[in-house]
Amino acid sequence: MRKLFGMPGEEKLVNYYSCSYWKGRVPRQGWVYLSVNHLCFYSFLLGKEVTLVVQWTEVTRLEKNATLVFPESVRVSTRHTEHYFSMFLNINDTFKLMEQLATIAMRQLLDNEGFSADRTLPKACKTLKNVSALKRDLDARAKNERYRALFRLTPDERLDGHTDCTLWTPFAKMHIVGQLFVSNNYICFCSREEDLCQLIIPLREVSIVEKADSSSVLPCPVSISTKNKMTFLFANLKDRDFLVQRISDFLQRTPDKLWSDGHPLVSPSPSTTPLSSSLPTPTGAGGEPSQGRHYSPSLPTATQGLLRIYQKDDPEDHGPKATKEKMKEESWNIHFFEFGRGVCMYRTSKTRELVLNGIPESLRGELWLLFSGAQNEMATHPGYYAELVEQAMGRCTLATEEIERDLHRSMPEHHAFQNEMGIAALRRVLTAYACRNPGIGYCQAMNIVTSVLLLYCTEEEAFWLLVALCERMLPDYYNTRVVGALVDQGVFEELTRECLPLLYEHMQELGVISTISLSWFLTLFLSVMPFDSAVLLVDCFFYEGIKVIFQVALAVLHANMDTLLGCTDEGEAMTILGRYLDNVVNKQTVSPPIPHLHALLTSGDEPPPEIDVFQLIKSSYDKFGSLRADVIEQMRFKQRLKVIQSLEDTAKRSVVRAIMTDSAFSIEELEELYVLFKAKHIMSCYWGASCTAAERHDPSLPYLEQYRIDLEQFCQLFGALGTWLCGTHTVTLAARHFRLLDSNKDGLINFKEFVTGLSGMYHGDMTEKLKLLYKLHLPPGKQGKTTLQDSSCIAIRIQCNIVMSVSEVKDYKYYLRMWAKEKEPKIETIKDLPRMNQEQFIELCKTLYNMFSEDPLEQELYHAIATVASLLLRIGEVGKKFTNNGAKKPTDTTYTQSNGESSSGQSLVCKALAEAQLETPPQQTSDEEVKDDTSVSSYSMVSTGSLQCEDIADDTVLIGCAGDQQRRGSTLDGDWSITFEQVLASMLTEPPLVDYFEKKGDIQARMATCKMQRGVERQVSSSSDHELAQLST
């Protein structure tokens, strides 16, 4: 990688594959190299070298397809080009790795998190000896993600291994073929046939693991017993001894938890709670914990859901709906008896059938926790929620302000949230989660979902359900840019195109799909459908996942297809769908009716017919039940690339619009500069920097200030884009420029500050450029502007105090005017710049000398700057004479001294310029130049001719000075100084300098060169070294 593509040592190769890269109609056989940050291709065939480098963060589309032109190919698309690769030995393995690396890059763009290798990865076995550690790491991550998604496990769970086996099912009296998975905290089983049987056994619940007696009917069995007296029998295990040993090792590391699934998580009956503490109090007294704590187990919402609290005193209903509800409860009790209860329950097709028929309200909270996996997290983190509430409450952040604003908008039609008890519980849960996950904090729609969770669960249960929703089941839904919801919106559009093509074309013309679907997904239909109906969809969602929401959304469009096809505008289509969803009813609910806000969409005409929610769910499974979770994940990957890159383009346009009025660069130039600036920032996520990328990226800030770079990255961009390149002195000049731009002194600059620095070099006139160069050689933090502003502010304050003490009549308008004047930014003029001392002037001369190297008018510029330096030295000496209170000195020794004693200022300048000459000797580009060892440098001739030092040829050695370094006259003169007006006036006397600083820079050429360095493809011929050198330049 370093040799072929010029990558730094920190860039690690993951794997490489043999393939063909299609350039036009000609395939180039070579090797594709996949690293963490780049896709690279190299080919050397028939004297032609082809090199291609593409950053993963620039990929907008990645897909595998097969056509007549490109058989079994992979297409990699960026914003400007498309690349095709084919003839892979194993295209599936290659494409999966590409997907993983592209996903990591999108995560960098989304969360600004760099890739960190797994340090705990075990050593490779013999069969994987030649596979890189990063490749094994990524393979392990992919397996872990599939394992966690399949069984709804926590993000820190790692798969240790899996093996084929059979499971004895007592409810079916048969052995089921499937796979056994073992991880650090769980033993899981999944049948080979989908939905036949699934099993999750937490190791904290395991009491005995033993090898049973083998037989011809039951070979190599293993028996696992749990604390709640359930026994699971696995057989046909290939390496039983090793499996038992691994499980035993994990059991030894598992702490003994006090919480156990032997007692299923059922809310206690109302009789167990004192009446005084459980009754709702409109004043909020019952919703506040005692002894100054924000949360305690004595709170009513800590022991039961809000629905149970508010329905406790309702008269018992003996009607047909209540009877139906009792029948559902009895069906679930039979299921628990036959299949087990708690997290170790057998999950079969019978379980799904019961869920689709509706979960009874008394069991809803328990089963939501079970199916979502939240029960496991709550069991392994006892007391976590209570501590988090105490830590979070009382803080004032942006998230807490948004939470307070939305609290009374959360299901205001439900009486549970019309008093302080429900509002206080909702506040605690949302605030605790914002403290747990500041990356998400709080997002609109979280309040609606959380309020529904609190109706059926305790506060702690609702909190862990919210964790499962935001971090696992609906990834990236509730961040600041709702990326997950936008991704699923794109998936929904793609599914609509495949399943309902005619309707899709018409809806795209109206632009309806993107408008309606976002609220459907963000709130799981809770905000657009009557509560009693939408909660049944939530039941199915916790069991099946996001595929249920897609199925129901497609069923809604299918049911209204004929009407929607006749719509002529977006408003009409939204009204039709709104009325339809408003009339989806649950005729089996036992809860009192809750008014639905969407009823306002229904006109006063004949109301539309009611739609049974059970029929809608059944129709969605009948028509669109073939949707699979893995297919949805594949669609999500494609849409994620599209959505995140679209958001990045939006951010870029926002930044450009914000600074285009303050910059002389064109819109296209600003956009290209933003791409280079952000690419430098993103690379630091993996290649390292002085501080982590997360510290330099704050998503809460405006787009303009989100991404910042440090000194090292600025020096790299300055060297690539700056016009004032000074050889080895460039880094020093860049560091000075960085300190000048870093106004808040935090060691970081944002894009606006970066553009401001470049704009002065490229588009300023001579005065502006010289002023910038002058300021670069002054000490940072001692600008004259600040001093003048501070003094004016002090004067204003004193004046205000005097006026207040003299007159008792307070003219507030006058004070406001004075305050506005104080805050008004002062426009800097050349008179505000402080004077430059002799040491700073010497550094300025060194910089100017290095800047002129390799310029076509190099000799003329050297003569001009030497003349200007000599003139400024005399001006400084004259100024010193006036500032020393008229002290008289012999005029014949002021500037020139005989007997080998030159003035201190001239000798120091000569010495400094000689050192600069040693740093960057001018390169001879023509064979006609005289190459004589005894000849002096160009600056030596300039010095002797322009500085007018009488003894310069005798005593001052400009190149390789080996004389007495501390001779008399080499000390700095503390009284010597010049002003910027004097520098400017002296420069204007030399036409070469005027032409040099008035010349406009070509930033397009420098950006093109920078892009070439970042890896735009190039072709070179290897016929001769001379041709290679010419093409490389």
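These numbers come from a predicted model, not from an experiment.

1. Topic: the overall build of the protein chain
No. 1: Along its length, the protein chain carries 41 helices and 21 strands.
No. 2: Here the protein chain holds 1033 residues, and 52% of them are scored as buried.
No. 3: Excluding contacts between residues fewer than 6 apart, the proportion of contacts in the protein chain whose partners are at least 24 apart in sequence is 68%.
No. 4: Counting every atom, the protein chain has about 49300 Å² of accessible surface; 54% of that belongs to carbon and sulfur.

2. Thoughts on helix α33 (residues 838-851)
No. 1: Here α33 is 14 residues long and its end C-alpha atoms lie 20 Å apart, about the 20 Å a rise of 1.5 Å per residue gives.
No. 2: The buried count for α33 comes to 12 of 14 residues, which makes it a mostly enclosed element.
No. 3: Among the residues of α33, those classed as buried are Gln838, Gln840, Phe841, Ile842, Leu844, Cys845, Lys846, Thr847, Leu848, Tyr849, Asn850 and Met851.
No. 4: Residue asparagine 837 occupies the N-cap position of α33, its side-chain oxygen lying 3.2 Å from the main-chain nitrogen of glutamate 839.

3. Here's the deal with the sheet that holds strand β12 (residues 206-211)
Working definition: the strands of a sheet are paired by backbone hydrogen bonds and lie parallel or antiparallel to each other.
No. 1: Pairing is antiparallel across the open sheet formed by 7 strands, whose spatial order is β11-β10-β9-β8-β14-β13-β12. Bordering the open sheet on either side are β11 (198-202) and β12, each of which pairs with just one other strand. Neighbouring strand axes in the sheet, compared pairwise and without regard to direction, differ in orientation by 30° on average.
No. 2: Seen against the sheet, helix α3 (residues 133-151) touches β8 (159-169), β9 (174-183), β10 (186-191) and β11 and runs at an angle of roughly 80° to β10.
No. 3: On the sheet, helix α4 (residues 240-253) packs against β8, β9, β10, β12 and β13 (222-226) and is oriented at approximately 160° with respect to β12.

4. Considerations on the packing of helix α2 (residues 91-111) against α3
Two measures define how a pair of helices packs: the angle their axes make with one another and the distance between the axes.
No. 1: Two numbers describe how α2 lies on α3: the axes approach to 11 Å, and their chain directions differ by 85°. Regarding the angle of α2 to α3, the classification is roughly perpendicular. Between α2 and α3, the residues in contact are Asp93, Leu97, Gln100, Leu101 and Ile104 and Lys135, Leu138, Asp139, Arg141 and Ala142, respectively.
No. 2: For the contact of α2 with α3, the class distribution of residues is 5 nonpolar, 1 polar and 4 charged.

5. Focus on the pattern of salt bridges
No. 1: Applying the stated criterion to the full structure yields 30 salt bridges.
No. 2: In this structure, arginine 708 engages aspartate 746 in a salt bridge whose closest nitrogen and oxygen atoms are separated by 3.1 Å. With a gap of 38 residues between them, arginine 708 in strand β17 (residues 708-709) and aspartate 746 in the loop between α28 (730-741) and β18 (749-750) connect regions that are remote in the sequence.
No. 3: Among the residues examined, aspartate 746 registers a relative accessible area of 34% and is labelled partly exposed.
No. 4: One salt-bridge network, in which partners are shared between bridges, spans Arg61, Glu63, Arg75 and Glu82.

6. Structural notes on the pairing of strand β2 (residues 26-35)
No. 1: For strand β1 (residues 13-23) and β2, the ladder comprises 10 bridges, and the chain directions are antiparallel. In the sheet register, serine 20 faces β2, and the bridge partner there is glutamine 29.
No. 2: Both β2 and strand β3 (residues 38-45) contribute to a ladder of 4 bridges, which runs antiparallel. Counterpart to tyrosine 33 in the pairing with β3 is cysteine 40.

7. Quick word on unusual backbone geometry
No. 1: With a phi close to 55°, arginine 152 is a non-glycine residue in the positive phi region.
No. 2: Structurally, arginine 152 is set in the loop between α3 and β8.
No. 3: Taking the relative accessible area as the measure of exposure, arginine 152 reaches 16% and is therefore buried.

8. As for the packing of helix α18 (residues 513-522) against helix α22 (residues 570-582)
No. 1: Contact geometry of α18 with α22 gives a least axis separation of 10 Å together with a crossing angle of 30°. With respect to their mutual orientation, α18 and α22 come out roughly parallel. Two secondary-structure elements touch here, α18 through Thr515, Ile516 and Trp520 and α22 through Glu570, Met574, Leu577 and Leu581.
No. 2: Grouping the constituent residues of the contact of α18 with α22 by class yields 5 nonpolar, 1 polar and 1 charged.

9. What to know about the packing of aromatic side chains
No. 1: A complete count under the given rule lists 43 aromatic pairs for this structure.
No. 2: Look at phenylalanine 151 and phenylalanine 181: their rings are 5.5 Å apart centre to centre, the planes differ by 65°, and that puts the pair in the edge-to-face class. Of this pair, phenylalanine 151 sits in helix α3 while phenylalanine 181 sits in strand β9; the two residues are 30 residues apart in sequence, bridging distant segments of the chain. Neither residue differs from the other here; phenylalanine 151 and phenylalanine 181 are each classed as buried.
No. 3: Geometrically, the ring pair formed by phenylalanine 714 and phenylalanine 754 is edge-to-face, given 6.2 Å between the ring centres and 90° between the ring planes. Residue phenylalanine 714 is located in helix α27 (residues 711-721), and its partner phenylalanine 754 is located in helix α29 (residues 751-763); the two are separated by 40 residues in the primary sequence. Just as phenylalanine 714 is buried, phenylalanine 754 falls in that class too.
No. 4: Arginine 364 extends its terminal NZ or CZ atom over the ring of tyrosine 456, reaching a point 5.1 Å from the ring centre.
No. 5: The aromatic ring of tyrosine 504 is capped on one face by arginine 497, whose charged end is 5.6 Å from the ring centroid.

10. As for the environment of leucine 717
No. 1: Checked against the element boundaries, leucine 717 lands in helix α27.
No. 2: Overall, the relative accessible area of 2% leaves leucine 717 in the buried class.
No. 3: Separated by 293 residues in sequence, leucine 717 and cysteine 1010 place their C-alpha atoms 8.8 Å apart.
No. 4: Leaving out residues up to four positions away in the same chain, leucine 717 has contacts with Leu676, Phe677, Lys680, Ile709, Gly722 and Phe754.

11. Observations regarding the pairing of β8
On any regular strand, side chains alternate: one points to one face of the sheet, the next to the other face.
No. 1: By the bridge criterion, 10 bridges tie β8 to β9 in an arrangement that is antiparallel. The partner of threonine 169 across the bridge, within β9, is methionine 174.
No. 2: Following β8, the chain reverses through 4 residues before pairing antiparallel with β9; lysine 173 in that reversal takes a positive phi of roughly 55°.
No. 3: Here β8 runs beside strand β14 (residues 231-235); their pairing, made up of 2 bridges, is antiparallel. Counterpart to threonine 166 in the pairing with β14 is alanine 235.

12. A few points about the nonpolar core
No. 1: The biggest cluster of nonpolar side chains holds 156 residues, and the ones touching the most others in it are Phe234 and Tyr478.
No. 2: Ignoring anything within four residues of it in the chain, the contact list for tyrosine 478 reads Ile440, Cys443, Gln444, Ala445, Met446, Val449, Cys470 and Leu522.
No. 3: Grouped together as the second largest cluster of nonpolar side chains are 69 residues, Leu733, Leu844, Ile865 and Ala869 included.

13. A closer look at the environment of leucine 465
No. 1: One can find leucine 465 in helix α15 (residues 459-473).
No. 2: By relative accessible area, which is 0% here, leucine 465 ends up buried.
No. 3: With 15 residues separating them in the primary sequence, leucine 465 and threonine 450 have C-alpha atoms 8.6 Å apart.
No. 4: Ignoring any residue separated from it by four or fewer positions in sequence, one finds leucine 465 in contact with Trp368, Leu369, Ser372, Ala374, Leu453, Cys457 and Phe542.

14. Observations regarding the side chain of asparagine 419
No. 1: Along the chain, asparagine 419 turns up in the loop between α12 (398-406) and α13 (420-436).
No. 2: Look at asparagine 419 and you get buried, because its relative accessible area is 10%.
No. 3: Within the structure, the side chain of asparagine 419 is placed 2.9 Å from the backbone nitrogen of methionine 421, a separation counted as a polar contact.

15. Quick look at a positive patch on the surface
No. 1: Taken together, the side chains of Lys64, Lys96, Lys143 and Arg146 define a basic patch exposed on the protein surface.
No. 2: Along the chain, lysine 96 turns up in helix α2.

16. Let's talk about the environment of leucine 486
No. 1: The residue leucine 486 is located in helix α16 (residues 483-499) in this model.
No. 2: Along the chain, leucine 486 and isoleucine 644 lie 158 residues apart, while their C-alpha atoms are 9.3 Å from each other.

17. Focus: the confidence of the model for the protein chain
No. 1: When pLDDT is averaged along the protein chain, the result is 79; 75% of the residues meet or exceed 70.
No. 2: Contacts for the low-pLDDT stretch residues 257-290, under 50 throughout, to residues beyond four places or in other chains number 69 contacts.
No. 3: In this model, residues 915-969 is a region of pLDDT below 50 whose contacts with residues beyond four sequence positions or in other chains number 77 contacts.

18. Focus on the state of the cysteines
Here a disulfide denotes one covalent bond, and it connects the sulfur atoms of two cysteines.
No. 1: According to the stated counting rule, one finds 0 disulfides in the structure shown.
No. 2: Here cysteine 188 stays unpaired: no disulfide links it, and the sulfur of cysteine 190, its closest cysteine neighbor, is 9.5 Å away.
No. 3: When its relative accessible area of 1% is taken as the criterion, cysteine 188 is described as buried.
No. 4: Take cysteine 470: it sits in no disulfide, and the sulfur closest to it among the cysteines is that of cysteine 443, at 8.6 Å.

The rules behind the values
Residues numbered from 1 in each chain as written. Predicted model: local features only at pLDDT ≥ 70, side-chain atom pairs only at ≥ 80, totals over all residues. Heavy atoms only, no water. Helix = DSSP H or I, 4+ residues; strand = E, 2+ residues; numbered from the N terminus. Buried < 20%, exposed > 50% of the residue type's maximum accessible area, 1.4 Å probe, protein only. Contact = heavy atoms within 4.5 Å. Areas by Shrake-Rupley, 256 points an atom, 1.4 Å probe, with all protein chains shown as cover. Expected span 1.5 Å × (residues − 1). Polar contact = N/O pair within 3.5 Å; in protein donor to acceptor, adjacent residues only side chain to side chain. Pairing = 2+ DSSP bridges. Axes fitted to C-alpha atoms, helices over the stretch in contact; angles between N-to-C directions. Parallel < 35°, antiparallel > 145°, perpendicular 65-115°, else oblique. Nonpolar A, V, L, I, M, F, W, Y, C, P; charged D, E, K, R; others polar. Salt bridge = Lys/Arg side-chain N within 4 Å of Asp/Glu carboxyl O. Phe/Tyr/Trp six-rings, centres within 6.5 Å; stacked < 30°, edge-to-face > 60°. Lys NZ or Arg CZ within 6 Å of the ring centre and 35° of its normal. Core = buried A, V, L, I, M, F, W, Y, C linked by side-chain atoms within 4.5 Å. Patch = residues over 30% accessible without salt bridge, like charges linked within 9 Å, V, L, I, M, F, W, Y side chains within 5 Å. Lys, Arg positive; Asp, Glu negative; His and termini not counted. Charge placed at Lys NZ, Arg CZ, Asp CG, Glu CD. pLDDT = per-residue confidence, 0-100. Disulfide = S-S within 2.5 Å.

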